[in-house]
Amino acid sequence: MKTIEEINQKIANKEAIILTAAELKLMVRDGKEVTVDDVDVVTTGTFGVMSGTMAVMMVPVAEKNSFERADAIWLNGVPAQPGPCPNERLGVVDLVINGTAHANEQYGGGHLFRDLVKGKTIDVTVEAHGKQYENQVTLDEIEFARIITTRLAFKNYNALINPASPTINTIFSVTGLTGPFTETTVSGCGEINPLQNDPSHRSIGVGTRVLLNGAPGYIMGKGTRASPDKPNVSAYADMKDMNPTMMGGMKTAHGPECLTSLAVPIPVLDEEILSGLKILDQNVPLPVADVNGRTAHAKVNYGNVWGGTDKVIRAEKDRCLHHPDCAAMRTCPTEAISNDCAINRDLCINCGTCTLQCSEGVFLARLGSIELAEGTVPISLRQSDRARAERLCTMLKNRILEHKFVPTKMLEPL
Ligand code: SF4
């Protein structure tokens, strides 16, 4: 049995062995014997649509005494809720803004959060007592800006199906979920998800230090809709330390959604913890749910999603026939495709939509399928990016190796 203090001393001495979850799983798949002495910390992570993401900020608007208190506020057209503190006559507005709030069909809170972190200038509009006040700000000028999640990193999410004929516009689809049983859309990073790798919550609890959107932050506790079977967590971090490639927004058939990431170090203290870390995709259940009310329909596993499939989308640009209205470009939920079929890898979340929309086969990836009693149902959309989550795990590993991130002991269990 090791202690976190011993592991942290090894990290300080640059003697610790840190593996990403993907590196450990590769060793397990290769049949290598891995013991507690072989690894000190495993970095786990997830990246995808996380609707329970919001920001709390204090935004400068005008000179003191310009207005008494804000009645309404928008950032780049995305509506926020002023308060709770009214900041009477101070010219600043405390606000809460949801990652799922929409300015229009293309742009929402998630896009706004990334633009702020990228250092872009943001338009601020305030209504107070029937008058409008305008300002432009960057994140540097916003004294307080934190992302807070009401829930993220669900241990295992759902594959969604539509059992009936009418297409359903839902946040779980980009072009509308068709039926009956013609496609399924999936979320979750399977075997590298933090909660999947710590089933007894020995490492993940209140006060556990994590990376939220690439920034050092902390777990606050359980998230909304957490249950013993499907736990999730809430967390917070300072937006000023975030990495714009580890967050963002994506279009869905029901408007823009928010992309959020979480990485958690799991210190390998004993055999029980190591055994939890050895779980593989084929042993991670993936419930299949009817998109209407999310009632359970069947159960498959994450081997269907991430086993023998392509995590990264390829582009064969020579196949392009230059259609004037390129369906792949039009439907790409992150606007990652340019006129010459190049994929902006900072924006692309490897969702797979373009592989089904391009009639010339420019965009290629095996997305997998699930087997149901009704037949084989192809996976048409991945709302989590396993490749990016693996990069996030590597980012956390490197920070630990450089002694820029030190794992903490939780203060209380979840
Ligand atoms: S996989 Fe294709 S459709 Fe999806 S984000 Fe990347 S470029 Fe866009």
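Procedures and definitions
- Residues numbered from 1 in each chain as written.
- Predicted model: local features only at pLDDT ≥ 70, side-chain atom pairs only at ≥ 80, totals over all residues.
- Heavy atoms only, no water.
- Near = heavy atom within 4 Å.
- 1 Å grid on protein atoms, 1.4 Å probe; cavity = no way out; pocket = protein on both sides within 12 Å on 5 of 7 lines; lining within 4 Å.
- Sits in = over half its atoms within 2 Å of the grid points.
- Nonpolar A, V, L, I, M, F, W, Y, C, P; charged D, E, K, R; others polar.
- Points joined across faces, edges and corners; volume = space filled by probe spheres on them.
- Helix = DSSP H or I, 4+ residues; strand = E, 2+ residues; numbered from the N terminus.
- Buried < 20%, exposed > 50% of the residue type's maximum accessible area, 1.4 Å probe, protein only.
- Salt bridge = Lys/Arg side-chain N within 4 Å of Asp/Glu carboxyl O.
- Pairing = 2+ DSSP bridges.
- Axes fitted to C-alpha atoms, helices over the stretch in contact; angles between N-to-C directions.
- Domains from an automatic or database assignment.

1. Looking at the site of the ligand
Okay, so step 1: Neighbouring the ligand are I313, C332, P333, T334, I337, C348, I349, N350, C351, G352, T353 and C354.
Okay, so step 2: At a threshold of 2 Å from the grid points, most atoms of the ligand map onto the largest cavity.
Okay, so step 3: Tallied by class, the residues present in the shell around the ligand amount to eight nonpolar, four polar and no charged.

2. Observations regarding empty space enclosed by the protein
Okay, so step 1: Within this structure, the stated rule accounts for one cavity of 30 Å³ or more.
Okay, so step 2: For the largest cavity, the calculated volume is near 90 Å³.
Okay, so step 3: The wall of the largest cavity is formed by 14 residues, among which C332, T334, C348, C351 and C354 lie closest to the centre.
Okay, so step 4: Grouping the constituent residues of the lining of the largest cavity by class yields ten nonpolar, four polar and no charged.

3. A closer look at unusual backbone geometry
The phi torsion of most residues other than glycine is negative, and most of the peptide bonds are trans.
Okay, so step 1: Put simply, G83 and P84 share a cis peptide bond, and its omega is 5°.
Okay, so step 2: For P84, the position within the fold is in the loop between β5 (78-82) and β6 (92-98).
Okay, so step 3: Cis peptide bonds are those with omega within 30 degrees of zero, and the linkage from G179 to P180 qualifies with -5°.
Okay, so step 4: Mapped onto the fold, P180 is located in the loop between β10 (159-161) and β11 (184-186).
Okay, so step 5: With a phi close to 65°, A153 is a non-glycine residue in the positive phi region.
Okay, so step 6: With respect to the helices, strands and loops of the structure, A153 is situated in the loop between β9 (144-152) and β10.
Okay, so step 7: The buried category is assigned to A153, whose relative accessible area is 3%.

4. Here's the deal with the pattern of salt bridges
Okay, so step 1: In this structure the tally under the stated criterion is 21 salt bridges.
Okay, so step 2: With a closest N to O distance of 3.1 Å, E5 and K409 form a salt bridge. Remark: K409 occurs in the loop between α8 (386-401) and β24 (412-413) and E5 occurs in helix α1 (residues 4-12); sequence separation between them is 404 residues.
Okay, so step 3: Members of the salt-bridge network, linked through shared partners, are R29, E191, D281, K311, R386 and E390.

5. Looking at the sheet that holds β10
Okay, so step 1: Here six strands make up an open sheet; going across it, the order is β19-β18-β10-β11-β23-β22 and the pairing mixed. Each edge of the open sheet carries a strand with a single partner, namely β19 (296-301) and β22 (369-372). Neighbour to neighbour, the strand axes of the sheet diverge by 30° on average, direction disregarded.

6. As for the domain arrangement of the protein
Okay, so step 1: Domain annotation of the protein identifies domain 1 (56-148) and domain 2 (310-365).
Okay, so step 2: If you average the C-alpha positions of domain 1 and of domain 2, the two centres end up 34 Å apart.

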